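Residue-level listing of the chains:
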Amino acid sequence: MDREDVLSFIQLVEQHDVLWNRNSSLYKDINAHSDAWEDISKTMNIPTSAAIYKPTWFAYEAMDFMKAVRECKSTLSTLTQS
């Protein structure tokens, strides 16, 4: 992909907030994710499998235990407004 394609790809992912917005009601919906990737792949004219990032680092899967702590939890503000 050239730079223009990469920017187009990023824009398409941004338009499909189900892929990245944890506040989306469909964020955890596997079918919604699949539909979004399918739409992106058709728009970009690339196979769906090429649109999905697949880590190649040899130890990536060994780090799976960190999934539980890498997700942001909600926070509570202790600041008071004046």
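Note that the coordinates shown come from a computational prediction; the quantities given were computed from them, not determined experimentally.

## Concerning the packing of helix α1 (residues 3-15) against helix α2 (residues 30-44)
Move 1: α2 packs onto α1 with a crossing angle of 150° between their chain directions and a minimal axis gap of 10 Å. Considering their axes alone, α1 and α2 lie roughly antiparallel with respect to each other. By crossing handedness, the relation of α1 to α2 is classed as right-handed. Contact residues: Asp5, Ser8, Phe9, Leu12 and Val13 in α1; Trp37, Ile40, Thr43 and Met44 in α2.
Move 2: Residues of the contact of α1 with α2, tallied by class, amount to six nonpolar, two polar and one charged.

## Notes on a nonpolar patch on the surface
Move 1: On the surface, a nonpolar cluster with roughly 730 Å² of combined accessible area is contributed by Trp57, Phe58, Tyr60, Met63, Phe65 and Met66.
Move 2: Among the secondary structure elements, Tyr60 is positioned in the loop between α3 (48-51) and α4 (67-70).

## Quick notes on the packing of aromatic side chains
Move 1: Under the definition given, this model contains two aromatic pairs.
Move 2: The interplanar angle of 20° and the centroid separation of 6.1 Å between the aromatic rings of Phe9 and Trp37 together place this pair among those described as stacked. Within this pair, whereas Phe9 is found in helix α1, its partner Trp37 is found in helix α2, the two being separated by 28 residues in sequence.
Move 3: Judged by centre distance (5.7 Å) and plane angle (70°), the rings of Trp57 and Phe58 are edge-to-face.

## Quick notes on the confidence of the model for the chain
Move 1: On average, residues of the chain score 83 in pLDDT, and 82% of them reach the 70 mark or higher.
Move 2: Within the chain, α3 has the poorest average pLDDT of any element, 63, and α1 the best, 94.

## Points about the environment of His16
Move 1: Looking at the secondary structure, you find His16 in the loop between α1 and α2.
Move 2: Classification of His16 by relative accessible area gives buried; the value is 14%.
Move 3: Considered as a pair, His16 and Asp35 are 19 residues apart in the sequence and their alpha carbons are 9.7 Å apart.
Move 4: Setting aside anything within four residues of it in sequence, one finds His16 in contact with Ala36, Asp39 and Ile40.

## Side note on α2
Move 1: With 15 residues, α2 extends 21 Å from end C-alpha to end C-alpha; this agrees with the ideal 21 Å at 1.5 Å per step.
Move 2: Considered for burial, the residues of α2 that qualify are Ala32, Ala36, Trp37, Ile40, Ser41 and Met44.
Move 3: Here α2 starts with a cap whose side-chain oxygen sits 2.8 Å from the backbone nitrogen of Asn31, and that cap is Asp29.
Move 4: Just beyond α2, the residue with positive phi is Asn45, at close to 60°.

Scoring rules and cut-offs
- Residues numbered from 1 in each chain as written.
- Predicted model: local features only at pLDDT ≥ 70, side-chain atom pairs only at ≥ 80, totals over all residues.
- Heavy atoms only, no water.
- Axes fitted to C-alpha atoms, helices over the stretch in contact; angles between N-to-C directions.
- Helix = DSSP H or I, 4+ residues; strand = E, 2+ residues; numbered from the N terminus.
- Parallel < 35°, antiparallel > 145°, perpendicular 65-115°, else oblique.
- Left-handed = near helix turned anticlockwise from the far one by under 90°.
- Contact = heavy atoms within 4.5 Å.
- Nonpolar A, V, L, I, M, F, W, Y, C, P; charged D, E, K, R; others polar.
- Patch = residues over 30% accessible without salt bridge, like charges linked within 9 Å, V, L, I, M, F, W, Y side chains within 5 Å.
- Areas by Shrake-Rupley, 256 points an atom, 1.4 Å probe, with all protein chains shown as cover.
- Salt bridge = Lys/Arg side-chain N within 4 Å of Asp/Glu carboxyl O.
- Phe/Tyr/Trp six-rings, centres within 6.5 Å; stacked < 30°, edge-to-face > 60°.
- pLDDT = per-residue confidence, 0-100.
- Buried < 20%, exposed > 50% of the residue type's maximum accessible area, 1.4 Å probe, protein only.
- Expected span 1.5 Å × (residues − 1).
- Polar contact = N/O pair within 3.5 Å; in protein donor to acceptor, adjacent residues only side chain to side chain.

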